[in-house]
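Summary of the model geometry
As a plain string of letters, each chain reads:
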Amino acid sequence: NAGVTQTPKFQVLKTGQSMTLQCAQDMNHNSMYWYRQDPGMGLRLIYYSASEGTTDKGEVPNGYNVSRLNKREFSLRLESAAPSQTSVYFCASGSWGTNTIYFGEGSWLTVV
Amino acid sequence: AQTVTQSQPEMSVQEAETVTLSCTYDTSESDYYLFWYKQPPSRQMILVIRQEAYKQQNATENRFSVNFQKAAKSFSLKISDSQLGDAAMYFCAYRSRENYGGSQGNLIFGKGTKLSVKP
């Protein structure tokens, strides 16, 4: 079972460049999430999508955009990367039926 | 808004011994889920154990068990017979059971406890 797959796993960007993190889940979950993890901060929610066609801001949405392309895929875009966006990014998915949220393996992003 | 607090940034345990990680949370909701996730150096988030607030019985998963005190809003994790592979960051997390428009089932995390296991 693939579960939640996110790409790329590692990326180095220059300040001002743009990029998109891709995420796909094969568990037929309605909800999908993007988190970032910084040292000493735990995981913080950037954006989420409760269902196909809907997206909403989380705790730290500034500098990011998202697209829920279909039920399986949820992408995160950095339009103009900044060093403050250096972090580990996690995609996750879940449904009310499973009562659990499942995570991808993380994407390490460095902005120089 | 809900909050989760892990007051122990770091803990250490001797191999084969027992260790307890603390977690407290704040909520006005009556029905919710609580989780412990393990994050090894690979950074993968691994679900360790899950507790449903409406169940009074404490959840157990092999060597892992919780002490869920709903009135005190406390949710501690006990690891018995600690193994070297248990060394990791441990995150306590809260998830609302009710489908509020604001959160849509998002996990709210504590800042984590780094567990070291000494051979």
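Data block above holds the structure.
Quantities reported herein were computed from a predicted structural model and do not represent experimental measurements.

The next point concerns the packing of aromatic side chains. Note on aromatic pairs: each is described by the distance of the centres and the angle between the planes. Counting across every chain of the model gives 17 aromatic pairs over all chains. Seen from their ring centres, Phe103(A) and Tyr37(B) are 5.4 Å apart, and the 85° between their planes marks the pair as edge-to-face. On the criterion of chain membership, the pair formed by Phe103(A) in strand E10 (residues 101-103) and Tyr37(B) in strand E5 (residues 32-39) is interchain, its members lying in two chains. Just as Phe103(A) is buried, Tyr37(B) falls in that class too. For the ring pair Trp36(B) and Phe75(B), a centre distance of 6.2 Å and an interplane angle of 25° mean the geometry is stacked. A residue pair is termed long-range when its members are at least 10 positions apart, and Trp36(B) in strand E5 and Phe75(B) in strand E9 (residues 74-79) qualify at 39 residues.

This part is about the pattern of salt bridges. Residue and element names in this part refer to chain A. Taken as a whole, this structure holds 7 salt bridges over all chains when the rule is applied. The partner of Glu 105 in a salt bridge is Lys 9, and the shortest N-O contact between them spans 3.8 Å. With Glu 105 in the loop between E10 and strand E11 (107-111) and Lys 9 in the loop between strand E1 (4-7) and strand E2 (10-13), this residue pair connects regions lying 96 residues apart in the sequence. In this structure, Asp 38 and Arg 36 form a salt bridge, with 3.0 Å as the shortest nitrogen-oxygen distance. Take Asp 38 and Arg 36: they sit in the same class, and that class is buried.

Moving on to unusual backbone geometry. Peptide bonds are, in most cases, trans, and in most cases residues other than glycine have a negative phi. Between Thr7(A) and the following residue, Pro8(A), the backbone shows a cis peptide bond with an omega angle of -5°. In this structure, Asn62(B) is a non-glycine residue whose phi angle is positive, near 55°. Positionally, Asn62(B) belongs in the loop between strand E7 (60-61) and strand E8 (64-69). The exposure class of Asn62(B) is exposed, given its relative accessible area of 82%.

Thresholds, definitions, all that
Residues numbered from 1 in each chain as written. Chains lettered and ligands numbered in written order. Predicted model: local features only at pLDDT ≥ 70, side-chain atom pairs only at ≥ 80, totals over all residues. Heavy atoms only, no water. Phe/Tyr/Trp six-rings, centres within 6.5 Å; stacked < 30°, edge-to-face > 60°. Helix = DSSP H or I, 4+ residues; strand = E, 2+ residues; numbered from the N terminus. Buried < 20%, exposed > 50% of the residue type's maximum accessible area, 1.4 Å probe, protein only. Salt bridge = Lys/Arg side-chain N within 4 Å of Asp/Glu carboxyl O.

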